[in-house]
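# Fold and contact review
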Amino acid sequence: MKFNTKTIHAGLEPDPSTGAIMTPIFQTSTYVQAAPGDHKGYEYARTQNPTRNALQNNLAALENAKHGLCFSSGMGAIDTLVKTLVPGDEVVSTNDLYGGTYRIYTKVFEKYGIKFTFIPMNDMALVTKSITSKTKMIWVETPTNPMLNIIDIKALAQIAKQHKIMLAVDNTFASPYLQNPIDLGADLVMHSVTKYLGGHSDVVMGALMTNDDALAEQLAFLQNACGAVPGPQDCFLVLRGIKTLHVRMQRHCENGERIANYLVNHPKVDRVYWPGFASHPNHDVAKSQMRGFGGMMSFVLKGNNYDDALKVLSQTHLFSLAESLGGVESLIGHPASMTHASIPKEEREKSGVVDALIRLSVGIEDVDDLIEDLENAFAKI
Ligand SMILES: *Cc1c(COP(=O)(O)O)cnc(C)c1O
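No experiment lies behind these values; they were computed from the predicted model shown. (Residues numbered from 1 in each chain as written. Predicted model: local features only at pLDDT ≥ 70, side-chain atom pairs only at ≥ 80, totals over all residues. Heavy atoms only, no water.)

What follows deals with the overall build of the protein chain. On a plain count of helices and strands, the protein chain comes out with 14 helices and twelve strands. Projected onto the principal axes, the alpha-carbon positions of the protein chain cover approximately 75 × 50 × 35 Å. Looking at the protein chain as a whole, 55% of its 381 residues are labelled buried. Across the protein chain, the fraction of contacts at a sequence separation of at least 24, relative to all contacts at a separation of at least 6, is 73%. Working note: accessible area of the protein chain is about 16,200 Å², and carbon and sulfur atoms make up 52% of it. Taken as two groups, the 34 positive and 40 negative side-chain charges of the protein chain have centres that lie 3 Å from each other. (Helix = DSSP H or I, 4+ residues; strand = E, 2+ residues; numbered from the N terminus. Buried < 20%, exposed > 50% of the residue type's maximum accessible area, 1.4 Å probe, protein only. Contact = heavy atoms within 4.5 Å. Areas by Shrake-Rupley, 256 points an atom, 1.4 Å probe, with all protein chains shown as cover. Lys, Arg positive; Asp, Glu negative; His and termini not counted. Charge placed at Lys NZ, Arg CZ, Asp CG, Glu CD.)

Shown next, in the form of structure tokens:
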């Protein structure tokens, strides 16, 4: 089945009791048993829920994985994954990553004796050098947030295999429409389903996908044991959102390309970070591992002036000033004070997240209106 059919059909069956074509919302906490142990495979809804199962099967199919598990948030998914490690274990992570991931690693899990090393992952020799006998996992985001760096998943997978450690990829920015890390050799894919998969800015959810049976079993155990499960209503909303993932992503990519080119040619813009430019330092890797370049981009105004950036951030109307990304509506954000505020300034600036950096999540509105909105904001500085 091709991707654009999977979004609508994969893992989904009409409801056996009624024929309802849409997966029902099984809003229940428990299931009646005829006699102790005599049930239809469902005992308690933290462990199993039919609406959630349908979504998990669909999510697995989108990443060409055997197993999919969903969680009450992207952070809930990451939390569950890291709980497969034990004190003393080490993780080599990219240094250009989602602020919340950095926060859970350094503020939560370091306390439990897990060690994290943050490095730029455009340098494979440095990745190899950072692996010790205690390293159990490589964690990577690509494209990275908010600098839109591209990291070579295949090259990392080779290193991970050599050292017999897990390669986990946060695929939130690309979405499965643009990139499938498991096909490139990754062991596990994580999504903040909140973003492109949900796509309508109305649900917070996370997911993990893998082909590894033993890992999936361990994660399913933790999903039930720790309990960060999403409710059936949210699972339904995400199933509904995914049905248009391919159509939305196509438009995100088209609008993204138009706006990236508009920005790069604008006299008030200094630099634009977008992997679709031939001048992007890892454009060739992006071309080889992604099927398009998406609608996420960041830019810095000429003069790198914080006050000018603040003016632009508060003068757009169609681009709403908000955290998050991947919804149908366009958003504008300020990583230094918003999504990346939990990373110390010194750390942030090492990876390019300066105070004047502006991030866009280009939505699927008419692109001419979006450009006019930016043009009006630029006119104020
Ligand atoms: C939003 C996000 C997360 C966290 O997901 P939540 O659903 O907000 O908990 C993790 N990684 C990336 C890249 C994100 O954008």
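Following the structure, the description resumes.
What follows concerns the site of the ligand. Neighbouring the ligand are 13 residues; Met-75, Asp-170, Ser-192, Thr-194 and Lys-195 lie closest to it. Between an oxygen atom of the ligand and a main-chain N or O atom of Gly-74, the distance comes to 2.9 Å. In the model, a nitrogen atom of the ligand is placed 2.6 Å from a nitrogen or oxygen of the Asp-170 side chain. Contributing elements (two or more residues each) for the shell around the ligand: α3 (74-82) and β6 (188-192). In the shell around the ligand, the residues fall into five nonpolar, five polar and three charged. (Near = heavy atom within 4 Å. Polar contact = N/O pair within 3.5 Å; in protein donor to acceptor, adjacent residues only side chain to side chain. Nonpolar A, V, L, I, M, F, W, Y, C, P; charged D, E, K, R; others polar.)

Cis geometry marks the peptide bond from Thr-142 to Pro-143, where omega comes out at -5°. Of note, the amide linkage connecting Asn-145 to Pro-146 takes the cis form, showing an omega dihedral of 5°. With a phi angle near 50°, Asn-64 is a residue other than glycine that sits in the positive phi range. Along the polypeptide, Asn-64 turns up in the loop between α2 (50-62) and β1 (67-71). Classification of Asn-64 as partly exposed rests on a relative accessible area of 29%. Although it is not a glycine, Asn-304 sits at a positive phi angle of roughly 50°. Here Asn-304 lies in the loop between β9 (296-301) and α12 (306-315).

Where a protein is soluble and globular, its nonpolar side chains tend to be buried together. Judged by nonpolar contacts, the single largest core of 66 residues is most densely connected at Leu-55, Ile-259, Leu-263, Phe-299, Ile-358, Leu-360 and Phe-378. Broken down by element, this core gets its largest block of residues, seven residues, from helix α10 (residues 245-264). Each of domain 1 (3-242) and domain 2 (245-378) gives at least three residues to this core. Core analysis: the second largest hydrophobic core is formed by 25 residues, Ile-78, Leu-81, Tyr-105 and Trp-139 among them. (Core = buried A, V, L, I, M, F, W, Y, C linked by side-chain atoms within 4.5 Å. Domains from an automatic or database assignment.)

So, on to the sheet that holds strand β10 (residues 320-321). Across the sheet, five strands lie side by side as β8-β9-β12-β11-β10; this open sheet has mixed pairing. Two strands lie at the open edges of the sheet, namely β8 (269-273) and β10, each paired on one side alone. Strand direction decides the pairing type here: β10 and strand β11 (residues 331-333), joined by two bridges, are parallel. Within the sheet, the bridge partner assigned to Leu-321 lies in β11 and is Ile-332. Those strands touched by α10 are β8, β9 and β12 (357-361), and its axis lies near 10° from that of β9. (Pairing = 2+ DSSP bridges. Axes fitted to C-alpha atoms, helices over the stretch in contact; angles between N-to-C directions.)

Secondary-structure assignment places His-280 in the loop between β8 and α11 (283-289). Take His-280: its relative accessible area is 9%, and that puts it in the buried class. At 2.7 Å, the side chain of His-280 forms a polar contact with the backbone oxygen of Leu-148. Once residues within four sequence positions are removed from consideration, His-280 is found in contact with Leu-148, Asn-149, Ile-150, Trp-274 and Pro-275.

Below, the discussion takes up the domain arrangement of the protein chain. How large an interface is tends to be reported as the accessible area lost when its parts come together. According to the domain assignment, the protein chain contains domain 1 (3-242) and domain 2 (245-378). With centres defined by C-alpha atoms, the gap from domain 1 to domain 2 works out at 26 Å. Between domain 1 and domain 2, the contact holds 45 residues from the first and 42 residues from the second. Where domain 1 abuts domain 2, roughly 3,400 Å² becomes buried across the two surfaces, and 61% of that area is made up of carbon and sulfur atoms. Counting the contacts that link domain 1 with domain 2 gives zero salt bridges. The interface formed by domain 1 and domain 2 contains 19 residue pairs in polar contact (both at pLDDT 80 or more). Contributions of two or more residues to the side of domain 1 that touches domain 2 are made by α1 (3-9), α4 (99-109), α6 (153-162), α7 (175-178) and α9 (232-242). Of the residues assigned to the side of domain 1 that touches domain 2, the class counts are 22 nonpolar, 18 polar and five charged. (Buried area = accessible area lost by both parts, 1.4 Å probe. Salt bridge = Lys/Arg side-chain N within 4 Å of Asp/Glu carboxyl O.)

Taken together, the buried positions of α4 are Gly-99, Gly-100, Thr-101, Tyr-102, Ile-104, Tyr-105 and Phe-109. At its buried positions, α4 is contacted by α3, β2 (90-94), β3 (115-119), β4 (135-141) and α13 (345-350).

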